[in-house]
Amino acid sequence: QRITGPGERTQSIVVPLDVLLKDALKGRDWEAYIHLVCPQSGGGSTGGFGEPARRIERRGTVPRAVRQVGAVTRGAALAVMDSSVKAVSLALKPDTASRPAVSAMIASEAVTPFVLQGSIRHWWLDDLILVKETDKPRPLPTVDSPDAPLWADRRNPGTFWYAPEWELVRPAQSDEPEGARFGFDYTRTGVTAAGQPALRATIRFTLRPRISEATKAALEARGNPSAAPLPTPDLDIRLEIPFVDAADGRLRTDRFPATVERTGETVTATVELLNDWVKLCYGALSTPGFQSQPVRLLIAYSYAAYVPVREDDIKILFGGKAAITPMVYSQMEVRRDAGEPYFDAVDASYKLPMGELRLRREAPTERGISAETRALSVAASGAPVSRANRPGTLAAVAAIRPVATAVRPGVETGLKPHPSLVTVRPEVKPLSELNELIRKTKYAVQTVFRQEAVEATVPCAGWGAFYREMTENGPRAIGCQDALQLGRTAYRQYEEMPDLRHEMYRVYRSLQQPGRFLVLPAAYRITRFSPSVVGKAYRPCIIIYSMIDVTVPEKNRVLFDMTLDPDIPAHARRALQAKLEAHAPVPVIEYPTELPGATDTTWTIGLGTTAFVDVTTVKAPEFFRVTLSTDLASALLVRDILRNSGVAGSVRFTLQDGSVLQSALSLDLGGITGPWRGGPVEVSLTAGQATLTNRIEREVAVGSLMVYGTSGAGQEVRVDRNLLPSESHAVPVSGSPTEAHAVYTFPTAALGTIQEIRSFVEEIQTNVIFVDLIHHASHGLKRLDIEAQIEGVPGTQNVALSGSLNPASGEAEFLLPLTTYLEKHILQYRVTKTLESDEVSVTPWANWNLQTQGNIVSLLWEMIQ
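Residues numbered from 1 in each chain as written. Predicted model: local features only at pLDDT ≥ 70, side-chain atom pairs only at ≥ 80, totals over all residues. Heavy atoms only, no water.

Draft legend 1. View of the overall build of the protein. Helix and strand counts for the protein stand at 14 helices and 60 strands. Burial status across the protein gives 49% buried among its 865 residues. Sequence-distant contacts in the protein: of pairs separated by 6 or more residues, those separated by 24 or more amount to 69%. Accessible surface computed for the protein: about 40,100 Å², of which carbon and sulfur atoms make up 50%. (Helix = DSSP H or I, 4+ residues; strand = E, 2+ residues; numbered from the N terminus. Buried < 20%, exposed > 50% of the residue type's maximum accessible area, 1.4 Å probe, protein only. Contact = heavy atoms within 4.5 Å. Areas by Shrake-Rupley, 256 points an atom, 1.4 Å probe, with all protein chains shown as cover.)

Draft legend 2. Up close: the packing of aromatic side chains. Considering all chains together, one arrives at 20 aromatic pairs under this definition. Both rings, one in Tyr-591 and one in Trp-676, keep their centres 5.8 Å apart while their planes meet at 80 degrees; by these two values the pair is edge-to-face. Taken together, the residues span a long stretch of sequence, with Tyr-591 in the loop between β40 (588–590) and β41 (598–607) and Trp-676 in the loop between β45 (660–667) and β46 (681–686) at a distance of 85 residues. Among the aromatic residues, those joined into a cluster by ring pairs are Phe-182, Phe-184, Phe-205, Tyr-282 and Tyr-467. Sitting over the face of the ring of Phe-760, Arg-539 holds its NZ or CZ atom 3.9 Å from the ring centroid. Across the ring face of Tyr-708, the terminal group of Arg-574 is positioned such that the distance to the ring centre comes to 4.1 Å. (Phe/Tyr/Trp six-rings, centres within 6.5 Å; stacked < 30°, edge-to-face > 60°. Lys NZ or Arg CZ within 6 Å of the ring centre and 35° of its normal.)

Draft legend 3. Seen up close, the nonpolar core. In this structure, Leu-564, Leu-628, Leu-667, Leu-827 and Tyr-829 are the most contacted members of the largest nonpolar core, which totals 81 residues. Top contributing element to this core by residue count: helix α10 (residues 635–643), with six residues. If near-sequence neighbours (up to four positions away) are discounted, Tyr-829 is found in contact with Phe-770, Glu-787, Ala-788, Pro-844, Trp-845, Ala-846, Trp-848, Val-857, Leu-859 and Met-863. Of all hydrophobic cores here, the second largest spans 67 residues; its members include Trp-161, Trp-277, Ala-305 and Ala-456. (Core = buried A, V, L, I, M, F, W, Y, C linked by side-chain atoms within 4.5 Å.)

Draft legend 4. Seen up close, the state of the cysteines. Throughout the structure, instances matching the rule amount to one disulfide. Disulfide partner of Cys-460: Cys-480, at an S-S distance of 1.9 Å. Given an S-S torsion of about 110 degrees, the disulfide between Cys-460 and Cys-480 has right-handed geometry. Taken together, the positions of Cys-460 in helix α8 (residues 460–463) and Cys-480 in the loop between β32 (474–477) and β33 (488–489) put the pair 20 residues apart, joining distant regions of the chain. Looking at Cys-480, the relative accessible area reads 47%, which means it is partly exposed. (Disulfide = S-S within 2.5 Å.)

Draft legend 5. Structural view of the sheet that holds strand β9 (residues 151–152). Reading across from one edge, β9-β10-β14 is the order of the three strands in this open sheet, with mixed pairing throughout. Pairing within the sheet leaves two strands with one partner each, and these edge strands are β9 and β14 (227–229). Of the pairings in the sheet, the one linking strand β10 (residues 160–162) to β14 comprises three bridges and is parallel in character. Across the sheet, residue Trp-161 finds its bridge partner in β14, namely Ala-228. (Pairing = 2+ DSSP bridges.)

Draft legend 6. Looking closely at empty space enclosed by the protein. Summed over all chains, the structure comprises five cavities of 30 Å³ or more. Each pocket or cavity is described by its volume, and for the largest cavity that value is around 80 Å³. Lining the largest cavity, in full, are Ala-323, Arg-425, Pro-426, Thr-766, Asn-767, Val-768, Tyr-821, His-825, Leu-850, Gly-854 and Asn-855. Per element, the largest residue contribution to the lining of the largest cavity is three residues, and it comes from strand β53 (residues 763–772). Considering only residue class, the lining of the largest cavity consists of five nonpolar, five polar and one charged. (1 Å grid on protein atoms, 1.4 Å probe; cavity = no way out; pocket = protein on both sides within 12 Å on 5 of 7 lines; lining within 4 Å. Points joined across faces, edges and corners; volume = space filled by probe spheres on them. Nonpolar A, V, L, I, M, F, W, Y, C, P; charged D, E, K, R; others polar.)

Draft legend 7. Region of interest: unusual backbone geometry. Going from Gly-674 to Pro-675, the amide bond is cis rather than trans, its omega being 5 degrees. Mapping Pro-675 onto the fold places it in the loop between β45 and β46. Look at Ala-348: it is not a glycine, yet its phi comes out positive at around 50 degrees. Considering the arrangement of structural elements, one finds Ala-348 in the loop between β23 (342–344) and β24 (349–352).

Draft legend 8. Spatial organisation of the pairing of strand β48 (residues 700–708). The buried count for β48 comes to nine of nine residues, which makes it a mostly enclosed element. Pairing between β48 and strand β49 (residues 714–723): eight bridges, direction antiparallel. Counterpart to Val-700 in the pairing with β49 is Leu-723. Taken together, β48 and the strand that follows it, β49, pair antiparallel across an intervening segment of five residues, in which Gly-712 is found at a positive phi of about 90 degrees. For β48 and strand β51 (residues 739–745), the ladder comprises seven bridges, and the chain directions are antiparallel. Bridging across to β51, Tyr-708 finds its partner in Glu-739.

Draft legend 9. Highlighting a nonpolar patch on the surface. Nonpolar side chains collect at one region of the surface, where Ile-13, Val-15, Leu-17, Val-19, Leu-20, Trp-30, Tyr-33 and Ile-34 lie side by side and expose about 760 Å² of accessible area between them. Mapped onto the elements, Leu-20 comes out in helix α1 (residues 17–21). (Patch = residues over 30% accessible without salt bridge, like charges linked within 9 Å, V, L, I, M, F, W, Y side chains within 5 Å. Salt bridge = Lys/Arg side-chain N within 4 Å of Asp/Glu carboxyl O.)

Draft legend 10. Molecular detail of the side chain of Asn-855. By the element assignment, Asn-855 lies in the loop between α13 (850–853) and β60 (856–859). Residue classification places Asn-855 among the buried residues on the basis of a relative accessible area of 3%. Polar side-chain contacts of Asn-855 include one of 3.0 Å to the side chain of Thr-325. A polar side-chain atom of Asn-855 sits 3.0 Å from the main-chain carbonyl oxygen of Asn-767. (Polar contact = N/O pair within 3.5 Å; in protein donor to acceptor, adjacent residues only side chain to side chain.)

This is how it looks when you write it as structure tokens:
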């Protein structure tokens, strides 16, 4: 590899191991020298590497369930993010401004079918957003069943919405063919490689919406109130052509996208076809019964709707979780959940449904007498608590029934080990405020897709003048011609263009429609949110969250959810577009994820004997969403694998014609791509200058800038500059450029942690309760002030002790990243002592392990002296 120009560069050279070693191990046992390893928990220098016990493969994707009436949102997985509660898939969408074609969405795994049958079909998109009771309703239909003839408006229930019914508008047989409501025009463009005439056709259809008979009857039954058709700004129309596959003789269909134009209420759909597909379309259009299935137009669109939800239908996966021991500061406080344990600050006791654990201040003593000389007395079965009890002892005053795992045996710091002491450690649960929101939520907003099939036959026996061949002498009506009819064909959709092969992609030309190209990425990698996503721009599309089962802890899971884009930077896509413009004036580029067909994924993960990871892959039109799910014990190992070796996979796309394409899949924190729009370096153009700004958290090496003007031609401007995070650099450019893309690489550097790469990690809200069990007068104390923090988490808190209570108590609340909460959460605290003489002293920072010692800290004199 050649390095040219000034500056520092890093080149990655990939060499197979056997080539690198050459004959070094010739005649030897390779297994004695070469071992497969994977990172152990802790990663890098802390955890090291070890030999994996097994390799796990996961194949395929999750099958889509069919929703029935009344189960609109059942099992919806939601995230608390961006001041709303919405679908996790919506929170992971890298570009909220992009709108894939409706047909591509329907063909993806991002939607769920609703009883697909008949000529009208419906799908639900996984983009649910909960609606608060206080939110002002939007003027949208309230949809329980999408096949209902009428829906009430959510804002104005007295008005209604309905889905329009579409009809094909045929011209009058006496109309002039030019500009008519239907037209089939074809031309001969040469000879194909098989020696057949090369044909190119343009077929034009006209459609118009109307109100269905079912909707009319529903309106009449309600006294004909005000009603409006659903808006269809994203109308997607495809021509479905039936044909017989020459390979096996089976009847099949293929669908071809149309260009849609609106004129008032009417819609014109134009489809272009090539070669055999011109003949197949002519036969199916012009001759009724030509195939056992008629040629059809598929009209699809999406609409937003209010959908009713039930409390049992929704599940919060990301955010809104807490490991809290509730505190009650007044006997007048009433707890909503009477069965939930809590700490009663009034009498310093931990309340359980079947008993309580009570703390008592130390008894008054003469100053200087050590508390170690006081006797230990514990009432274990309902006996009253003696004043002689050792300070800090949690003594039972009623029979205590073990409840879940809220109270576990343990030893408190500051006390000598004793089997009667307990540790209070709360379980992770949804926040009570979030549960209240869910209870009050009755509706959510969700996207619904609708597709209607309309027969498109236009018999040549009556409309022969509208089938025309375009010749040098002008159009010629062909009427009904057997020679142009073709019922069978060798089914091939694409052929590769070898001259455009690139290390990042391969390009295929459509054999069915002119000007359409399929780009197969070499790899898909974790991507970043686009600049338009407020609050997330340029951050990796990774969220880490937990699935907590409070009744069956064995079902607790940690999920690593990621979005993968094609690893083709913006500058490479723009260069490809320029090359394709030599083959078509306005090339249309598609990716395999947009096409119907089967998708099969394979993942290989190296893990230890006790670790288990389940992999789920969902194909969306623009990206893949991959979820790694593991138990709590293995979560840190999965985190370290993502940071060190990564997780490798592959995807096989089986197209409708049976051809197979394959790409690599990579879950690697060191190989994050994107954002899709523009890349990591933002380019701002002004007169004579381009300003480059690195918007991501790692250094970027910019080699050059590709600048494009109105002519479309690209000009390379050398940059040769490494940009640190947030650093900007100005480059002079000539002319009046309209578009520019940075050509960049990433210098080799140590990978950051999950937090350092600014991924979204679920935060667990937790609290720590401090109870002052020290008899102040016995030690000449005037007051205590506590400062607390969590090791490794920025920020400290001052704990206010309520002096009106006896003993005094207070709490500090913290937000811990899930990875910190799982790995370790060490409380650090120090106490400022003010004596009666106004002398002030501060204790050193003390450590308190919240996992093993619980979240109730009983302050004893031995702990602060």
